[in-house]
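# Fold and geometry: a report
Residues per chain are reported as follows:
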Number of protein chains: 2
Amino acid sequence: MPRSAPNPRLADVARAAGVSLATASRALSEPGMVRDDTRGRVEEAAAMLGYVPHGAARALATRRTRTIGAVFPPVDNPIFAGATHALAQELAAAGYTLLLASHDYDLDAELAATRALVERGADGMVLVGLDHRPETLAVLERAEVPWEITWSLDDSARQHCIGFSHRGASIRVTQHLLDLGHREIAVIAGDTRRNDRARERLAGVRDALAARGVKLPAKRVVETDFSVANGRAAFAKLLERAPGFTAVIGGNDPLAIGALFECRDRGIDVPGRMSIAGFDDIELAGELSPGLTTVRVPSAEIGHEAGRRLLARLAGKVVPTMRELPAPLVVRGTTGPPPAKP
Amino acid sequence: MPRSAPNPRLADVARAAGVSLATASRALSEPGMVRDDTRGRVEEAAAMLGYVPHGAARALATRRTRTIGAVFPPVDNPIFAGATHALAQELAAAGYTLLLASHDYDLDAELAATRALVERGADGMVLVGLDHRPETLAVLERAEVPWEITWSLDDSARQHCIGFSHRGASIRVTQHLLDLGHREIAVIAGDTRRNDRARERLAGVRDALAARGVKLPAKRVVETDFSVANGRAAFAKLLERAPGFTAVIGGNDPLAIGALFECRDRGIDVPGRMSIAGFDDIELAGELSPGLTTVRVPSAEIGHEAGRRLLARLAGKVVPTMRELPAPLVVRGTTGPPPAKP
DNA sequence: ACCCTGCCTGCAAGCGCTTTCATTCCAGCC
DNA sequence: GGCTGGAATGAAAGCGCTTGCAGGCAGGGT
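Our subject in this report is the structure included herewith.

The rules behind these values
Residues numbered from 1 in each chain as written. Chains lettered and ligands numbered in written order. Predicted model: local features only at pLDDT ≥ 70, side-chain atom pairs only at ≥ 80, totals over all residues. Near = placed C-beta within 6 Å. Helix = DSSP H or I, 4+ residues; strand = E, 2+ residues; numbered from the N terminus. Nonpolar A, V, L, I, M, F, W, Y, C, P; charged D, E, K, R; others polar. Pairing = 2+ DSSP bridges. Axes fitted to C-alpha atoms, helices over the stretch in contact; angles between N-to-C directions. Contact = placed C-beta atoms within 7 Å. Buried ≥ 20, exposed ≤ 12 C-beta atoms within 10 Å, placed from the backbone. Least-squares fit on C-alpha atoms with pLDDT ≥ 70 in both.

### Some words on the protein's contact with DNA strand D
- If you check the shell around DNA strand D, you find 26 residues, and the closest are B:Arg9, B:Leu10, B:Ala22, B:Ser25 and B:Ala61.
- Elements supplying a minimum of two residues to the surface near DNA strand D: α2 (21-29) and α4 (55-62) of chain A together with α1 (10-17), α2 (21-29) and α4 (55-62) of chain B.
- Per-class residue counts for the surface near DNA strand D are 15 nonpolar, seven polar and four charged.

### A word on the protein's contact with DNA strand C
- Taken together, the neighbourhood of DNA strand C is formed by 26 residues, with A:Leu10, A:Ala22, A:Ser25, A:Ala61 and B:Ala22 sitting nearest.
- Of all the elements in the fold, those that place two or more residues in the surface near DNA strand C are α1 (10-17), α2 and α4 of chain A together with α2 and α4 of chain B.
- A per-class count over the surface near DNA strand C returns 15 nonpolar, seven polar and four charged.

### Here we look at the sheet that holds strand β8 (residues 247-250) of chain B
Residues and elements named next belong to chain B.
- Strand order in the open sheet formed by four strands is β7-β6-β8-β9, and the pairing between neighbours is parallel. In the strand order of this sheet, the two ends are held by β7 (221-223) and β9 (275-277), each with one partner. Within the sheet, the average angular offset between the axes of one strand and its neighbour, ignoring direction, is 15°.
- With three bridges connecting them, β8 and β9 associate as parallel partners. Across the sheet, the residue bridging to Val-248 is Ile-276, located in β9.
- Relative to β8, helix α11 (residues 253-266) is tilted by about 150°, and along the sheet it contacts β6 (185-189), β8 and β9.

### Here we look at the environment of A:Leu311
Residues and elements named next belong to chain A.
- Mapping Leu-311 onto the fold places it in helix α13 (residues 299-314).
- For Leu-311, a count of 20 C-beta atoms within 10 Å translates into the label buried.
- Remark: the alpha-carbon pair of Leu-311 and Asp-225, spanning 86 residues in sequence, is separated by 33 Å.
- Look past the residues within four positions of Leu-311 in its chain and what remains in contact with it is Ala-94 and Tyr-96.

### Points about the relation of the copies chain B and chain A
- Overlaying chain B on chain A yields an RMSD of 0.1 Å, the required transformation being a rotation through 180° with an accompanying axial translation of 0.0 Å. On the angle and the small slide along the axis, the relation comes out as a two-fold axis.
- Here 100% of the interface residues in chain B have copies in chain A that are interface residues too; the copies meet face to matching face.

### Let's talk about the sheet that holds strand β9 (residues 275-277) of chain A
Residue and element names in this part refer to chain A.
- Strand order in the open sheet formed by four strands is β7-β6-β8-β9, with parallel pairing between adjacent strands. Both outer strands of the open sheet, β7 (221-223) and β9, are each paired with one neighbouring strand and no more. The sheet shows a mean angle of 15° between the axes of neighbouring strands, taken without regard to direction.
- Running at roughly 145° to strand β6 (residues 185-189), helix α10 (residues 228-241) makes contact with β6, β7 and β8 (247-250) of the sheet.

### Notes on the interface of chain B and chain A
- Between chain B and chain A, the residue contacts involve 49 residues of the former and 49 residues of the latter.
- Elements with a contribution of two residues or more to the side of chain B that touches chain A: α4, α5 (78-93), β2 (97-102), α6 (107-119), α10 (228-241), α11 and α12 (283-287) of chain B.
- Here the side of chain B that touches chain A takes seven residues from α5(B), the largest share from any one element.
- Residue composition of the side of chain B that touches chain A, grouped by class: 26 nonpolar, 14 polar and nine charged.
- Strand direction decides the pairing type here: strand β2 (residues 97-102) of chain A and β2(B), joined by three bridges, are antiparallel. Of the residues in β2(B), the one forming a bridge with A:Leu98 is B:Leu100.

Given below as structure tokens:
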């Protein structure tokens, strides 16, 4: 097969259709402005030549790339993976494409990624949570790139955001345990230093306990990165360091599942002797038996809505600054009343 | 704060530094070509103005976007999520950015996404597996965009690829079960119509069984989409439709874990009465007890290496067409000898 | 002192598309 | 049939950057 000429340009299409460059351009991007038969000729020529528009050139002329950037914490966390997929789908449906960067809860990496995406011309950006370097938002502001905060809600209502109250949801989990009669509660939290969601979740536990006059000794809190293995290790550490608790709250489902597995291996009956609650409601939570009591985080919906909101704003529509999603407590089998005192 | 002028352009930087546009450009992108003090002035001016290069303009001039496209099956499958993260990291480290599109095992969606990414100027592409619409590869060829096939290996060596033999790995799993003494084996496969990996894995089972003269009746094979819930359902179906098997092979770990959970719920001892093997080695596989026997799929490494290979090729280096990664069998506790015949 | 070499720098021509503005076309009307 | 006005088309000026080419300048050889 003879190597045909390199990619045809719009000028080639115009020539083949016997029209000017301007008309060819309009025929393809603003069909209404061109007479039907002319448009037909252009479309035909484009199809025949296998014309593919040159995005960079178009972007340079229109100042739009039809691209949305997203900077996510580790995409391999199942909860973010779901949101990424949803976001990508939503954008694709509107002819937009996702520019994705991920980092390991490192705000400097987030800043660098944001710069890179803005430089690539992202028309809008999706960020996760409220913890950011000030420069990150400054870069976006300077470049006039609209952004959406996901997962968390900005109570100051200064930024567009879609998510739910991690503290509120955490309070619900804790109250559920308190209502069951638990008073000795432990927490396996995420990294509260670099992650406002983990911080708020832990704060929610504290709030709920404080409201009922229950103490949460420092020894009953372990911080660790999200993973099943870390959940196991943290649970073991708690058991060793401050035994006697009857319930443990995981900062997310993998951590809670780690605790659950550790209980199983040690022959600790769940929920008979130990109640366990998580946060996220990943698929597995509902498939375990007993099922994991947890908070349903609408991750796919966050992904979809973040995309929709951003696209709407880019289309000039006004969108409510804050969108709060429900994050209901899902009570399953891993929580029950504490064991009767001996 | 007075709205400062819109984003500064390179011309502004040049003016501020008292040099020409060309020199400013070289100072920032080809430091070696410019005298040190000149470069210093330009860099200073750029920093002061908060200059952010305009990617589209640069792309138009250089015909490079420093962007790699990836079209993945559902990114929320944990195994792809891991690869996505690894790929994004690898690219970021080299100053490249990931353009991500995901689809639900739909080859037409894959084609559309490929078109979109090529149009956006992806310098290279990452695809998964060998099943594609012919147009998909034609688009890439036409646009002269190098691509890497991941996960699968193209035995014809026509395409650059990095992955492993799904059939081979599947044969190892099956032999392991045969060696343990199993003869009645069932399979919960992924969708073999739209997914060459699932197809090859099933073929591997058939090969291994045939080699030892063991039959795999059609009733002992269920196809379903990847998920724990589907694994459960498929196992139940097998039990109902063709009971008497002593081992089941899952097309991936979630399916196998579904089967495992179903066994637990039904009081079927694993591995005493039922052996279960999976494929992928997701984190959970090793944390369960008993741990799931499975094939370790080096997903993160695939992501990293796909990125590295593509970048190397873009840099003009020659890279071996095929890179095979080990996918070892990991024997854990869910497989054991079949129960003694009654 | 002159020429040549080599290093820096600047000029200007694109990269491929959109879009403003002017021009042409054509239908309809008096 | 000439005129009017709106619709369709075309010419050309960018969008912001890179880069081939040429000019300028300093230093070394003769």
